[in-house]
Amino acid sequence: MLALLTAGASASAALVCLAYEGNTKAYWFSIRQQFNSFCQHILGSLIGLFGGVIFFVLLILLSAMALSRC
């Protein structure tokens with residue numbers, strides 16, 4: 001489950017980087033000029049996503065500590 005969450009977070013970060021900077025070789029232009037609030041919305045989304053990854057790691061560590069006490 002953690003692997004899927006981390007893979008999704010990494011893929012979304014890569015797509016955001018591509019959308020933000022663009023790629024002139026592939027004729028993909030940056031969309032930051034077209035949508036003014038794109039950066040704020042996507043930054044909040046990525047912070048929430050990576051916050052979820054950190055929360056899930058902490059949950060796994062707490063579960064491991066609880067199981068080791070038994």
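A brief report on the enclosed structure follows.

Thresholds, definitions, all that
Residues numbered from 1 in each chain as written. Predicted model: local features only at pLDDT ≥ 70, side-chain atom pairs only at ≥ 80, totals over all residues. Heavy atoms only, no water. Helix = DSSP H or I, 4+ residues; strand = E, 2+ residues; numbered from the N terminus. Rg over C-alpha atoms; globule rule 2.2 N^0.38 Å. Buried < 20%, exposed > 50% of the residue type's maximum accessible area, 1.4 Å probe, protein only. Contact = heavy atoms within 4.5 Å. Expected span 1.5 Å × (residues − 1). Patch = residues over 30% accessible without salt bridge, like charges linked within 9 Å, V, L, I, M, F, W, Y side chains within 5 Å. Areas by Shrake-Rupley, 256 points an atom, 1.4 Å probe, with all protein chains shown as cover. Salt bridge = Lys/Arg side-chain N within 4 Å of Asp/Glu carboxyl O.

## Focus: the overall build of the protein chain
From N to C terminus, the protein chain includes two helices and zero strands. Since a compact globule built from 70 residues should have a radius of gyration of about 11 Å, the 17 Å found for the protein chain marks it as more spread out than a globular shape. Buried positions account for 9% of the 70 residues belonging to the protein chain. For the protein chain, restricting intrachain contacts to residue pairs at least 6 apart in sequence, the fraction spanning at least 24 positions comes to 62%.

## Observations regarding helix H1 (residues 2–21)
Here H1 is 20 residues long and its end C-alpha atoms lie 28 Å apart, about the 28 Å a rise of 1.5 Å per residue gives. Note on H1: the residue one or two positions beyond its end, Gly 22, has a positive phi of about 80°.

## What about helix H2 (residues 38–69)?
With 32 residues, H2 should reach 46 Å at 1.5 Å per residue; the first-to-last C-alpha distance of 47 Å fits that figure. Taken together, the buried positions of H2 are Phe 38, Leu 46 and Val 53. Where H2 is buried, its residues touch H1.

## Brief notes about the environment of Gln 33
By the secondary structure assignment, Gln 33 is in the loop between H1 and H2. Note: C-alpha distance between Gln 33 and Met 1 (32 residues apart in sequence) is 36 Å.

## A word on a nonpolar patch on the surface
Nonpolar side chains collect at one region of the surface, where Ile 54, Val 57, Leu 58 and Leu 61 lie side by side and expose about 350 Å² of accessible area between them. Position of Leu 61 among the secondary structure elements: in helix H2. For Leu 61, a relative accessible area of 48% puts it in the partly exposed group.

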